[in-house]
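These are the residues of each chain, in order.
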Amino acid sequence: VPEGKYSRVLKVPATRVATEELSKRVVANVVMLGAVVGIDPLVSPASMEKAVLDSAPKGTEELNMKALKRGFELGEAVLKAV
């Protein structure tokens, strides 16, 4: 946890979820994007879904959507636990 004057630090198990639940560590970044939106919707979930789909390599769209939606759930859960 970084030192300094932070309003809060929230831990999200993005790498564990990507590796253990989705079997692809490479989507940990997408899980984390979902978690950020789940914690503080700076953009709408629909906008984030579109952005991820627009940038996902062909053939990985389903995996990336699973990762993003799991991230939304994690973010909401982490926020409720605070």
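Relevant structure appears above.
Structural notes, computed from the coordinates. Quantities reported herein were computed from a predicted structural model and do not represent experimental measurements.

### Some words on the pattern of salt bridges
Step number 1: Scanning the model with the defined rule gives five salt bridges in all.
Step number 2: Glutamate 20 is paired through a salt bridge with arginine 16; the nearest N and O atoms lie 3.7 Å apart. Remark: arginine 16 and glutamate 20 occur in helix 1 (residues 14-21); sequence separation between them is four residues, near one turn of the helix.
Step number 3: In this structure, arginine 70 engages glutamate 21 in a salt bridge whose closest nitrogen and oxygen atoms are separated by 2.7 Å. Here arginine 70 is found in helix 4 (residues 61-81), whereas its partner glutamate 21 is found in helix 1, with 49 residues between them in sequence.

### Brief notes about the nonpolar core
Step number 1: Judged by nonpolar contacts, the single largest core of 20 residues is most densely connected at Val12, Val31, Val52, Ala67 and Leu68.
Step number 2: Among the elements of the structure, helix 1, helix 2 (28-39), helix 3 (45-55) and helix 4 are those that each provide at least two residues to this core.

### A few points about the environment of proline 45
Step number 1: Summarising the element assignment, proline 45 is placed in helix 3.
Step number 2: Sequence spacing of proline 45 and glycine 34 is 11 residues, and the spatial spacing of their C-alpha atoms is 7.9 Å.
Step number 3: Beyond its immediate sequence surroundings of up to four residues, proline 45 is in contact with Val37 and Phe72.

Calculation notes
- Residues numbered from 1 in each chain as written.
- Predicted model: local features only at pLDDT ≥ 70, side-chain atom pairs only at ≥ 80, totals over all residues.
- Heavy atoms only, no water.
- Salt bridge = Lys/Arg side-chain N within 4 Å of Asp/Glu carboxyl O.
- Helix = DSSP H or I, 4+ residues; strand = E, 2+ residues; numbered from the N terminus.
- Core = buried A, V, L, I, M, F, W, Y, C linked by side-chain atoms within 4.5 Å.
- Buried < 20%, exposed > 50% of the residue type's maximum accessible area, 1.4 Å probe, protein only.
- Contact = heavy atoms within 4.5 Å.

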